[in-house]
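A structural walkthrough
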Amino acid sequence: MGTRLKRWWRYPFAVAGPLSVLVWTSIAVAGIVGALTLRRPFDPVPALLVSLVSSAGIKIARKRFAESRGITSAELRQGLRRQNVTGLIIAAFALGVVFAFDLKVAWGLAIGAVCFFVYELDRRQTFAAALGADPRWARDWSPEIDPAYEFVATRHFLTKEYDKARELLEKGLERNPKGFRRSFALYNLACAEALLDNGEAALQHLSAAAEEAFFRKYAQGSRLGVHPRRPSLPVLSEIFWLGGMSGVGKTTAARALARRHDLRLYSFDAHQFEHASRLPPETRTLDEIWVDTTPEELADWFEERCRERFGRR
Amino acid sequence: MIVDGPQALPELVAPLAASPDHVLYVVASRKMQEPLVRARGSGVASRVRDPERAVANRLGRDEELVRRLRHGAERHGFPVVEVQDVTETLPAIARHVEPLLADWIAAPHGDVSGRRRDENDARIRQWRFYMDSIDAEPSGGLDFACECDVPGCGLFVPLGLPDAEAARICGAPLLAH
C-alpha cells in the first residue's frame, strides 16, 4: 500500500493511455452534463449505450495488445475476468450512490466513469512499474516498448514447445521485470526447465520464485487473486527430510509433529500409486519380486525405484 | 514442510537438503522392526506362493538398506538415530527438528486448514488407487487430520474411504469438532 501511495504521489497525472483517458473522461463529462441538463429519468439511456460501446472499445484494445504478441493463454482470460468483476463492482457502487443520495441516474454514469478511470490508472502504473518504466510514458500497446516475452511464452506451453518457452522466459527475465511479472517469469521458467529434464536449474528458479514477495505473501495464506487451492512453494531451507527404515513409526511421528507445529507433510508412501503411474510399469509377478529373489536384489530394486521417483533416471 | 519416507536416500537428498541438520534418518534393530512389520502386514503376503519367504526377504532387504543407509549418511554427514522402541521415534525426531523451527513456531501459521486438507487428499487418493489395484471394496477406516482452521489442532477424524470421498465430492471439510 505504501509503495502504491508513493507512486501516486510521484506521478499524480500519469497517463493511463490516450484511449482510456478519452473514453472515461468523455463518459464522465457526458454524465455530469446530462445530470445538469436532462429532466426525465430515462434521458441518459443513449449516454449509457455510448459508455457500453466505449468500454467494449477498451476491451478490443486489450485484446490487440495480447494478439499483437501472440498471447492466447488462460492468464489473459483470467485478467479480463478480473476486469469485468471490477467493472460490475464499480457499476453497483455508482448505482448505490445514486439511490442512497437520491441523485439523477446520469450522476451514476459520471461516478462510475471516474472510478473506472482511477482503477485503470492504477493498473497501468502497476503494469509499467513492473518493468521498471517511468509510468508517465508507459505505452504498453507497442510490442517494441514492451514485448511481454514472459506472457508470450505461455503459448508454447500449450503446444508443448518447452524449449521455445524457456528461451522467451529467459529473454523476458533479461529485461529485469519486477513484481508479479518477475515471479510469473521465474515460476514458468522453472516449469519449462523441469519439463526439459533440467532439474537443477528448475529448482534454482523455483526457489528464486518462492523468494519473491508475490509468492511469499501467497504462502502466508493471502489469496491475492491466486487460486487458493494451489499449495504454496516451500523453499529448500524450509524442507526437513525424514528418512530411514520403514516400520519404525516414522510416518506416525511425522504426522504428530506436523499437527503440533502446523507443518505441511509430504509422505512418499501416500503418493506411491501417483508416482507409480508416471514410472515404467513393473512387468514381473509378485512371486518373482518378493519370493524368488534375495534381500540384496530387493534392496537394489528399492533403491532403483527411489532414484526414479526422485527423477534421477 | 516435512518430507517423509524410506525413499529419501542420502544420495538423493544430498543435492536438495539446505544443510545436514535438515535431514534425519531413523533406524532400528531387526528385533524391534520385525514385529511391527509383521503386525502391519501388507497386501503382498496373501498374494504370493510363499508368504513366509516374502516377509523374510523383505526384512532382509530392510537390514541391507540400513547398512547402505548408514554408509551413505556418513558420507554426506547426515545424522542417524537408532531407536530401541517405537515410542522413542517421535521424541527423537522432535528433539532434532524443533530447534530448526524456532522462527516458524513464533510466526503466524497461515492456512493450516489447507495443509491438512492436502495431506488428507493424498491419503484418500492413495487408498482409492490401492483398492482399485487389488479390485476390492474398501473396509475399515483411517485417522484423517481435522481440517479446521485452528492452529495446532491435533484431533483426528476416523473415516472410511466412501465417507471421505463423499465429503470431498460435496466439498465439505473433514472436521473432528
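Predicted model, so just to flag it, every value in this text is computed and none were measured.

**Some points on the overall build of chain B**
Helix and strand counts for chain B stand at seven helices and five strands. Reading the secondary structure of chain B in the N-to-C direction produces β-α-β-α-α-β-α-α-α-β-β-α. Within chain B, buried positions represent 29% of all 177 residues.

**Digging into the overall build of chain A**
What chain A contains, in helices and strands, is 15 helices and two strands. Long-range pairs, those at least 24 residues apart, make up 58% of the contacts in chain A between residues at least 6 apart in sequence.

**Some thoughts on the confidence of the model for chain B**
Model confidence for chain B is summarised by a mean pLDDT of 89, while 99% of its residues fall at 70 or above. Across the assembled chains, the prediction reports ipTM 0.93 with pTM 0.54.

**Section: the packing of helix 12 (residues 250-261) of chain A against helix 4 (residues 89-97) of chain B**
Between helix 12 of chain A and helix 4 of chain B, whose axes approach to 9 Å, the crossing angle comes to 50 degrees. By the angle class used here, helix 12 of chain A and helix 4 of chain B are oblique. The hand of the helix 12 of chain A/helix 4 of chain B crossing is right-handed. Along its contact with helix 12 of chain A, which presents A:Lys250, A:Ala253, A:Ala256 and A:Leu257, the element helix 4 of chain B presents B:Thr89, B:Leu90, B:Ile93, B:Ala94 and B:Val97. Broken down by class, the residue content of the contact of helix 12 of chain A with helix 4 of chain B amounts to seven nonpolar, one polar and one charged.

**Topic: the interface of chain A and chain B**
Chain A puts 58 residues into the contact, and the matching count from chain B is 72 residues. Mapped onto the side of chain A that touches chain B, the elements with two or more residues apiece are strand 1 (240-244), helix 12, strand 2 (265-267), helix 13 (272-276), helix 14 (286-290) and helix 15 (295-309) of chain A. No other element matches helix 12 of chain A, which puts 10 residues into the side of chain A that touches chain B. Taken together, the residues of the side of chain A that touches chain B break down into 30 nonpolar, 14 polar and 14 charged.

**Description of the packing of helix 8 (residues 162-174) of chain A against helix 9 (residues 179-195) of chain A**
Residues and elements named next belong to chain A. Across the interface, helix 8 lies against helix 9 with an axial gap of 9 Å and an inter-helix angle of 150 degrees. Comparing their axes, helix 9 and helix 8 come out roughly antiparallel. As helix 8 runs across helix 9, the sense of the crossing is left-handed. Along the contact surface, helix 8 presents Tyr162, Ala165, Arg166, Leu169, Glu170, Gly172 and Leu173, while helix 9 presents Ala185, Asn188, Leu189, Ala192, Glu193 and Leu195.

**What about the environment of A:Asp146?**
All names here are of chain A. For Asp146, the position within the fold is in the loop between helix 5 (105-130) and helix 6 (149-152). Note on Asp146: 22 C-beta atoms within 10 Å, which makes it buried. Put simply, Asp146 and Gly172 are 26 residues apart on the chain and 9.8 Å apart in space, counted from C-alpha to C-alpha.

**Here's the deal with the confidence of the model for chain A**
Averaged over all residues, the pLDDT of chain A is 76; the fraction at 70 or higher stands at 72%. Segment residues 12-16 of chain A is flagged for pLDDT under 50; beyond a separation of four residues in sequence, or across chains, it makes 11 contacts in the model.

**Some thoughts on unusual backbone geometry**
Excluding glycine, a negative phi dihedral is what most residues carry, and trans is how most peptide bonds are arranged. Residues and elements named next belong to chain A. Phi angles above zero are rare outside glycine, and Lys160 is one such case at about 65 degrees. Secondary-structure assignment places Lys160 in the loop between helix 7 (154-158) and helix 8. Of note, the phi angle at Asp197 is positive, near 65 degrees, even though the residue is not glycine. With respect to the helices, strands and loops of the structure, Asp197 is situated in the loop between helix 9 and helix 10 (199-211).

**Points about the pairing of strand 2 (residues 23-28) of chain B**
The buried count for strand 2 of chain B comes to six of six residues, which makes it a mostly enclosed element. On strand 2 of chain B, burial covers both faces: B:Val23, B:Tyr25 and B:Val27 on one face and B:Leu24, B:Val26 and B:Ala28 on the other are all buried. Direction of pairing for strand 1 of chain A relative to strand 2 of chain B: parallel, over a ladder of four bridges. Residue pairing in the sheet places A:Gly244 in a bridge with B:Val26 of strand 2 of chain B. Where strand 2 of chain B and strand 3 (residues 80-83) of chain B come together, four bridges link them in parallel fashion.

**Here's the deal with the nonpolar core**
Within the largest apolar cluster, 36 residues are counted, with the highest numbers of intra-cluster contacts made by A:Trp241, A:Leu242, A:Leu257, B:Ile2 and B:Val26. When residues of this core are assigned to their parent elements, the largest contribution, six residues, is made by strand 2 of chain B. Excluding anything up to four places from it in sequence, B:Val26 contacts A:Gly244, A:Met245, A:Val248, A:Lys250, B:Val81, B:Val83, B:Thr89, B:Ala92 and B:Ile93. Listed in part, the 19 residues of the second largest apolar core include A:Val152, A:Leu189, A:Ala209 and A:Phe215.

**Notes on helix 12 of chain A**
Over its 12 residues, helix 12 of chain A extends 16 Å from the first C-alpha to the last, a length consistent with the 16 Å expected when each residue adds 1.5 Å. Of the positions making up helix 12 of chain A, those classed as buried are A:Lys250, A:Thr251, A:Ala253, A:Ala254, A:Arg255, A:Leu257, A:Ala258 and A:Arg259. Of the surrounding secondary structure, the elements contacted by the buried residues of helix 12 of chain A are strand 1 and strand 2 of chain A together with strand 1 (2-4), strand 2, helix 4 and strand 4 (142-145) of chain B. Two residues or fewer past helix 12 of chain A, A:Asp262 is found with a positive phi of approximately 60 degrees.

**Section: the sheet that holds strand 2 of chain B**
An order of 2(A)-1(B)-1(A)-2(B)-3(B) is seen for the five strands of this open sheet, with the pairing classed as parallel. Since the sheet does not close on itself, it has two edges, and those belong to strand 2 of chain A together with strand 3 of chain B, each with one partner. Along the sheet, successive strands turn relative to each other by an average axial angle of 20 degrees, direction set aside. Sheet contacts for helix 12 of chain A: strand 1 and strand 2 of chain A together with strand 1 and strand 2 of chain B; angle to strand 1 of chain B, the most-contacted strand, approximately 165 degrees. Taken strand by strand, helix 3 (residues 51-76) of chain B contacts strand 1 of chain A together with strand 2 and strand 3 of chain B, and its axis lies near 150 degrees from that of strand 2 of chain B.

Calculation rules
Residues numbered from 1 in each chain as written. Chains lettered and ligands numbered in written order. Predicted model: local features only at pLDDT ≥ 70, side-chain atom pairs only at ≥ 80, totals over all residues. Helix = DSSP H or I, 4+ residues; strand = E, 2+ residues; numbered from the N terminus. Buried ≥ 20, exposed ≤ 12 C-beta atoms within 10 Å, placed from the backbone. Contact = placed C-beta atoms within 7 Å. pLDDT = per-residue confidence, 0-100. Axes fitted to C-alpha atoms, helices over the stretch in contact; angles between N-to-C directions. Parallel < 35°, antiparallel > 145°, perpendicular 65-115°, else oblique. Left-handed = near helix turned anticlockwise from the far one by under 90°. Nonpolar A, V, L, I, M, F, W, Y, C, P; charged D, E, K, R; others polar. Pairing = 2+ DSSP bridges. Core = buried A, V, L, I, M, F, W, Y, C linked by C-beta atoms within 7 Å. Expected span 1.5 Å × (residues − 1).

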